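The chain contents come next:
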Amino acid sequence: MEQGFESGRSLPTGDATPPQSPSEVVINRSRTAWLFALLGCSFLACYVGFRLPGAYSLTFYNVSWFDGITRRALFGTVLGPLWSGTDHSYWAQALVSFVVLLALLVVILRQALRARFDSQRILVCAWLIAPTGAFLFYEVANFEQVVYLLLFASMWLWLRVPRVVAMLPLLVAVLVHELALLTAWPFMVWYVWRAAPGIRRNLAVLVPLLGGVLVSLRPSLSAEAANDLEAVLNDRVEFPVPVGVLRPFISSVTEVWAFYSPVRGLGFVGPIALVLVLVCIAIMWRTGTRTVSRSSTLLAVGACCAPLTLSLVAYDNNRWVFLAFANFTMVGFFWLSSRAEEASAVVVASWVLPLSLLFYYPALTYIDGASPRSLSPGVIVEYLKDPGSFAPLVLNN
């Protein structure tokens, strides 16, 4: 287990508090400075990407197992009584989505503040300042935010409870959204392998695959059943359900390819995958410590690139790029933590470089008519004059 998920603090043993040494004072001041830096980067990301949850994402909040669906239905099943108690209010569901987003942001900032080295904090700041940080706020209400919270729970539990139990949150993540098998799970495999390589001792990491089995065994909805459920959802919720929102439950891969070109998707994510692979191999293979074996380097490459394979079966390539960079940043964060000393400026710059390229590569494009907010003073003044225009409520997405 990496130090980032350990307590690292001892409990007080007496009433008297010993005076701080000069080095402790410097450390506290440095931590305060980093806190303001991280909060500033978070505020910047929020300003650029914040929006109110769209109807497409919130529709899946209202789908439950009782509707005859297993995929992406656990969240709605668990929170169904809350939705019923609030008459399926848009604002109640939006509030829950913002709580999830805030919890995820708190975990990220807490890990950065408790990191061993400044290089780790620099990497997190770079991720927040880059288009990835704004995209985190833009994709509010998407299930991957719940998935990554559950991933962090499994990471925290790994050395605290039996390993099979530690993997249960990630199993739940697969039932929340099956994309966990290509996003959170590959990262967890790398995380546990590099800490203690060996197949037998890490067999528990296979537990989330059971979630994939449970999802795959459930028969798909027929087109007629999907249309009926869409009508039910329109009566159930207080916002318009987007037409065709349940298409993922009835479309096979060949049907998806009838209106979406996987070759075009691979052409979009291919250059990004190449950059991530080259950076991981160049840094981890050549400058890694003894604990970083070639197998863990390959697993790191897999963790970074696995989300991009979703471009073969789904057209939301911007999300897949975002998730790939999320995994890439986490790999860099924990790899830097494993070093005996602070990384050199060249190594840190190598981890940050792919994030900076996102300012120039046409990835992380917003859909639904939204766009990143400009940082020009004139635009900011207009938002101050008319705060309602900052995040208008648009429910036709």
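Residues numbered from 1 in each chain as written. Predicted model: local features only at pLDDT ≥ 70, side-chain atom pairs only at ≥ 80, totals over all residues. Heavy atoms only, no water.

Colleague: I'm lost on the pattern of salt bridges in this one. Help?
Modeller: A pair can form between side chains of opposite charge whenever their charged atoms are brought close. By the definition in use, this model includes six salt bridges. Arg121 serves as the salt-bridge partner of Asp118, at 2.9 Å between the closest nitrogen and oxygen. One end of the pair, Asp118, and the other, Arg121, are both in helix α5 (residues 118-129), three residues apart, so they sit about a helical turn from each other. Given the relative accessible area of 31%, Asp118 is considered partly exposed. (Salt bridge = Lys/Arg side-chain N within 4 Å of Asp/Glu carboxyl O. Helix = DSSP H or I, 4+ residues; strand = E, 2+ residues; numbered from the N terminus. Buried < 20%, exposed > 50% of the residue type's maximum accessible area, 1.4 Å probe, protein only.)

Colleague: What should I look at first to understand the packing of helix α7 (residues 144-157) against helix α10 (residues 184-195) in this one?
Modeller: In contact at an axis separation of 10 Å, α7 and α10 are set at 20° when each is read in the N-to-C sense. Here α10 runs roughly parallel to α7, going by the angle between their axes. α7 and α10 meet at a crossing whose hand is right-handed. The residues of α10 that touch α7, namely those facing Val147, Tyr148, Leu151, Ser154 and Met155, are Ala184, Phe187, Met188 and Tyr191. Each residue belonging to the contact of α7 with α10 can be placed in one class, and the counts come to eight nonpolar, one polar and no charged. (Axes fitted to C-alpha atoms, helices over the stretch in contact; angles between N-to-C directions. Parallel < 35°, antiparallel > 145°, perpendicular 65-115°, else oblique. Left-handed = near helix turned anticlockwise from the far one by under 90°. Contact = heavy atoms within 4.5 Å. Nonpolar A, V, L, I, M, F, W, Y, C, P; charged D, E, K, R; others polar.)

Colleague: Explain helix α16 (residues 317-337) to me, please; I cannot follow it from the model alone.
Modeller: Residue pairs spaced three or four apart in an α-helix point in one direction, given the helix's 3.6 residues per turn. Here α16 is 21 residues long and its end C-alpha atoms lie 30 Å apart, about the 30 Å a rise of 1.5 Å per residue gives. Where burial is concerned, most of α16 is hidden: 21 out of the 21 residues are buried. (Expected span 1.5 Å × (residues − 1).)

Colleague: Help me understand the confidence of the model for the protein chain, please; the structure alone is not making it clear to me.
Modeller: Detailed reading of the predicted coordinates is not advisable wherever pLDDT falls low. Chain-level statistics for the protein chain give a pLDDT mean of 85 and a share of 87% at 70 or above. Segment residues 6-17 is flagged for pLDDT under 50; beyond a separation of four residues in sequence, or across chains, it makes eight contacts in the model. (pLDDT = per-residue confidence, 0-100.)

Colleague: Just checking my understanding: could you explain the side chain of Thr329 for this structure?
Modeller: When you line up the elements, Thr329 lands in helix α16. A relative accessible area of 7% places Thr329 in the buried class. Residues contacting Thr329, with those up to four places away along its chain left out, are Leu123, Trp127 and Leu355.

Colleague: What am I meant to see in the packing of aromatic side chains here?
Modeller: Here a ring pair, both rings aromatic, is described through the centre-centre distance and the interplanar angle of the planes. The final tally for this structure, using the stated rule, is 23 aromatic pairs. On the basis of an interplanar angle of 10° and a centroid distance of 4.1 Å, the ring pair of Tyr138 and Tyr366 is categorised as stacked. Linking Tyr138 in helix α6 (residues 131-138) with Tyr366 in the loop between α17 (345-357) and α18 (377-385), this pair joins segments that are 228 residues apart in sequence. Consider the rings of Phe328 and Trp351, whose centres lie 5.1 Å apart with planes at 50°: the pair is tilted. (Phe/Tyr/Trp six-rings, centres within 6.5 Å; stacked < 30°, edge-to-face > 60°.)

Colleague: Looking at this model, I keep getting lost on unusual backbone geometry. Mind explaining?
Modeller: In terms of backbone geometry, most residues other than glycine have negative phi values and most peptide bonds are trans. Even without being glycine, Arg72 reaches a positive phi, approximately 60°. Topologically, Arg72 is positioned in the loop between α2 (55-59) and α3 (74-85). On the basis of relative accessibility, which here comes to 12%, the residue Arg72 falls in the buried class. Backbone geometry places Ala141, a non-glycine residue, at a positive phi of 85°. Tracing the sequence through the fold places Ala141 in the loop between α6 and α7.

Colleague: Just checking my understanding: could you explain the packing of α6 against α16 for this structure?
Modeller: Packed helices, taken two at a time, are described by the angle between their axes plus the distance between the axes. Viewed as axis vectors pointing N to C, α6 and α16 meet at an angle of 120°, and their least axial separation amounts to 10 Å. Considered as vectors, α6 and α16 are oriented oblique to each other. Like other packed secondary-structure pairs, α6 and α16 cross with a definite hand, here left-handed. Two secondary-structure elements touch here, α6 through Thr132, Phe135 and Leu136 and α16 through Asn318, Arg319, Phe322 and Phe325. Looking at the contact of α6 with α16, its residues break down into four nonpolar, two polar and one charged.

Colleague: Would you explain the state of the cysteines in this entry?
Modeller: Taken as a whole and judged by the stated rule, the model has zero disulfides. Free of any disulfide, Cys125 has its nearest cysteine sulfur in Cys41, 3.9 Å distant. Given a relative accessible area of 8%, Cys125 falls into the buried group. No disulfide involves Cys280; its sulfur sits 3.8 Å from that of Cys304, the nearest cysteine. Relative accessible area serves as the criterion here: at 0%, Cys280 is assigned to the buried category. (Disulfide = S-S within 2.5 Å.)

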